[in-house]
Amino acid sequence: MGFFDSKWIVEFEYSDGFFSSYKTATIEIDASSEYSAKDKAKSVLKNQFKYLKIKEARKANKEKGSYQVNYTISDKP
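Let us look at the structure shown here. (Residues numbered from 1 in each chain as written. Predicted model: local features only at pLDDT ≥ 70, side-chain atom pairs only at ≥ 80, totals over all residues. Heavy atoms only, no water.)

### A look at the packing of aromatic side chains
Counting across every chain of the model gives four aromatic pairs. Ring centres of F12 and Y14 lie 5.7 Å apart, and the angle between their planes is 40°; on these two criteria the pair is classed as tilted. Note on F12 and F49: the rings are 6.3 Å apart at their centroids and 35° apart in plane angle, and the pair reads as tilted. Taken together, the positions of F12 in strand β1 (residues 6-15) and F49 in the loop between α1 (34-45) and β3 (51-59) put the pair 37 residues apart, joining distant regions of the chain. (Phe/Tyr/Trp six-rings, centres within 6.5 Å; stacked < 30°, edge-to-face > 60°. Helix = DSSP H or I, 4+ residues; strand = E, 2+ residues; numbered from the N terminus.)

Put into structure tokens, the structure is as follows:
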């Protein structure tokens, strides 16, 4: 973690194969900017899934004194 890095929540969409359903999930990344967070998430996830789309990145919520991430996976019809 660099000096200016902070926690980012990156939301992405993925699929395991051509006929598989699309799922949405989130991952927590240490980065210095939104672009850097998306780029790091893509490099971490690109070898795990056949289809990957990075949707958005936002700073993690620090209000409660800790970083809380809700990991969600939802199927699209």
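### Description of the pattern of salt bridges
Inspection of the entire model under this criterion finds seven salt bridges. The partner of K55 in a salt bridge is E11, with the nearest N and O atoms 3.9 Å apart. With a gap of 44 residues between them, K55 in strand β3 and E11 in strand β1 connect regions that are remote in the sequence. Between E13 and K55 there is a salt bridge, with its nearest N and O atoms 4.0 Å apart. Of the two residues, E13 sits in strand β1 while K55 sits in strand β3, which places them 42 residues apart along the sequence. For E13, a relative accessible area of 8% corresponds to the buried category. What you see here is one network of salt bridges that share partners, running through E11, E13, K55, E56 and R58. (Salt bridge = Lys/Arg side-chain N within 4 Å of Asp/Glu carboxyl O. Buried < 20%, exposed > 50% of the residue type's maximum accessible area, 1.4 Å probe, protein only.)

### Re the environment of A57
Structurally, A57 is set in strand β3. A57 sits 47 residues away from V10 along the chain, and the two C-alpha atoms are 4.3 Å apart. Leaving out residues up to four positions away in the same chain, A57 has contacts with W8, I9, V10, E34, A37 and K38. (Contact = heavy atoms within 4.5 Å.)

### A look at α1
Between its terminal C-alpha atoms α1 stretches 17 Å, which fits the 16 Å expected from twelve residues at 1.5 Å a residue. Among the residues of α1, those classed as buried are S36, A37, A41 and L45. Projected down its long axis, α1 carries its buried residues within an arc of 150°, all on one side. If you follow the buried residues of α1, they end up packed against β1, β2 (23-31) and β3. (Expected span 1.5 Å × (residues − 1). Arc of directions from axis to C-beta.)

### Focus on the nonpolar core
Ranked by internal contacts, the top residues of the largest apolar core, which has 14 residues, are V10, F12, I27, I29, A37 and A41. Mapped onto this core, the elements with two or more residues apiece are β1, β2, α1 and β3. When residues no more than four places from it in sequence are discounted, the contact partners of V10 are A25, T26, I27, I29, A37, A41, I54, E56 and A57. (Core = buried A, V, L, I, M, F, W, Y, C linked by side-chain atoms within 4.5 Å.)

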